[in-house]
Amino acid sequence: MTDIGVRAVRQGARRGAARIGAATPPGRDRAVDALRAAAVLGVVLGHWLVTALVSDGRTLRTASPLQHMPWLAPISWVFQTLAVFFLVGGHVATRGYASARARGVPYHQWLTGRLTRLFKPVAAVLGLWAVAALALLLSGAEFGTVRTLVKLALSPLWFLLVFAGLTAATPLLTRLNPLWPLAVVLHVDLLRFGLGGPSWLGWVNVAAAWTVPYTLGAAWTRGELERRRAGWVLLGSGAAATAALVAWAGYPAAMVGVPGEGMSNLDPPSLAVVTFGLAQCGLALLLRERLRHAMRRPVAWAAVALVNLSAMTVFLWHQTALMATTVTGLLAGRLPGLHTPPDGLGWVGVRLLWLPVFALALAVCWAAFRSFEGNGGGRGRRSRLVRSHRPSDRGAAAKARHV
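**Details of the overall build of the protein chain**
- Helices and strands together make up the secondary structure of the protein chain, namely 19 helices and 2 strands.
- Against the 2.2 N^0.38 benchmark of 22 Å for 403 residues, the protein chain shows a C-alpha radius of gyration of 22 Å, consistent with a compact globule.
- Principal-axis analysis of the C-alpha atoms gives the protein chain an extent of 65 × 60 × 40 Å.
- Sequence-distant contacts, at least 24 apart, represent 78% of the contacts inside the protein chain between residues at least 6 apart.
- When the accessible surface of the protein chain is split by element, carbon and sulfur atoms take 66% of a total near 19100 Å².
- Across the protein chain, the 41 positively charged side chains and the 14 negatively charged ones have centroids separated by 11 Å.

**A closer look at a nonpolar patch on the surface**
- A surface patch of nonpolar side chains, amounting to about 300 Å² of accessible area, comprises L190, L191 and L195.
- Inspection of the secondary structure puts L191 in helix α10 (residues 179–194).
- Judged by relative accessible area, which is 39%, L191 ranks as partly exposed.

**Observations regarding the environment of A300**
- Considering the arrangement of structural elements, one finds A300 in helix α15 (residues 298–309).
- A300 sits 27 residues away from V327 along the chain, and the two C-alpha atoms are 34 Å apart.

**Examining the pairing of strand β1 (residues 52–56)**
- Taken across its 5 residues, β1 has 4 buried, putting it largely inside the fold.
- Here β1 runs beside strand β2 (residues 59–63); their pairing, made up of 5 bridges, is antiparallel. Across the sheet, residue S55 finds its bridge partner in β2, namely L60.
- Counted between consecutive antiparallel strands, the loop separating β1 from β2 contains 2 residues, among which G57 sits at a positive phi close to 70°.

**Thoughts on the side chain of Q80**
- If you trace the backbone, Q80 turns up in the loop between α4 (74–79) and α5 (82–102).
- Judged by its relative accessible area of 5%, Q80 falls in the buried class.

Calculation rules
Residues numbered from 1 in each chain as written. Predicted model: local features only at pLDDT ≥ 70, side-chain atom pairs only at ≥ 80, totals over all residues. Heavy atoms only, no water. Helix = DSSP H or I, 4+ residues; strand = E, 2+ residues; numbered from the N terminus. Rg over C-alpha atoms; globule rule 2.2 N^0.38 Å. Contact = heavy atoms within 4.5 Å. Areas by Shrake-Rupley, 256 points an atom, 1.4 Å probe, with all protein chains shown as cover. Lys, Arg positive; Asp, Glu negative; His and termini not counted. Charge placed at Lys NZ, Arg CZ, Asp CG, Glu CD. Patch = residues over 30% accessible without salt bridge, like charges linked within 9 Å, V, L, I, M, F, W, Y side chains within 5 Å. Salt bridge = Lys/Arg side-chain N within 4 Å of Asp/Glu carboxyl O. Buried < 20%, exposed > 50% of the residue type's maximum accessible area, 1.4 Å probe, protein only. Pairing = 2+ DSSP bridges.

Have a look at this one:
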C-alpha cells in the first residue's frame, strides 16, 4: 500500500472514530465499556492460546499446553477474565433495573428486553452447529471428533445460562452482600474437599461463585466501591487468599480447566477462582480512572465501542473460528501449532503466529452473523452505542438515566 493509501486509511479511521465519539453521550462512563471489552477479548485470546485440537489420524482431541508446561499457568491469570465480565454485568444490570423502575417500566418488560438481546445471537450458533454436526456425521467423520467440535463450539453457552439467571435475579441481588455467596462457595469446598462430601456439591458453585462479582457490581452501583481503598482491599485480599489456597490447600495454579487434571478451578468453579476473581475485580476498580482518561482518545474509544456492539457475536463465535481454521488446515496436512501436541515452547511460538488467522476467521463469522445481535439494524445498533453509563455516586441507582 502506498503512502497516500495509508494516509487515506488513517483519515477514514479518524473520521469514523469522530462519528462514534459524537454519538456517545458526554456523561457515559466509558471505563465500563473498556472493562467489558477487555473481559471478552481476554476470554477469546485465552481460549485460542490454551485450547489445542490435536490430530490423531482421523480424530481430533482436545489438549492444552498447560498439561505439558504447567509453569505457563500465569497465562490463565491474564486471560481468565470472567469475574470482570460479571462485575460489569452486575453493575450495568442493577443500574438499568433502577432506571427502569424510576421510569415505571415493569420488571417483566425490562427482563424480556435484556434476555432477548442476550439470547438472540444464540439461535444462529445452535442452528449452524446442528447442520454442521449432521453434515460431518453423514460424511463419515468420527463421532468422537464431531462430539469434540460441538462441545467446544457450544461451551460458551454455560456462561450465558448463568448470566441470564443472575440477570433475572437482579431485584433480589441489588442489595445482597457479596460475602454471602462467598460463604456458600467456602462451605461447599470445605464439604467436598475437606470432609469428603459428594463431588456433585461443586455444581452449587456454578451459581454462587459468579454471584460474588455480580453483587460486587451492584455494590459499585450503590457507590460503595468508589474509594480506591476498596479496590486495594479486594486486590490484596483476593491475591493473598488465592496464593494461600494454591500453595497450601492443593488448588491448581491454573485458573482454567486442564484436560486430564484431577481437579479444575473452573469446572465447577472453586474457592480459588472466586478469590482470584476478587483480585481481578479490585484491579479493575483501580484502573477505572486511567481507563476513563484513555477512552478520551477517539480511536481508542471507537475500538472499545465497536467491540461492545459485537461482544456477544465475538464471544459466541470465537471457538467456531478456531475450529474452522483447524479443520480447514487439515486439508494441507498436520500443521505445527494447529494439529500437533502442545508439548513445548516451539508450539507456543507457532500458535502465536496462528492468532491473526483465527482473528480473520472470526471476522468472517462476525460479518455473517452480527445482524443477530441487538435488533440487527442500524437503529438497534445505535441505541446500544449511545447507551449511557454514568460514574456511580451514592444514590446513583435512583438517578441513573440509561437503559
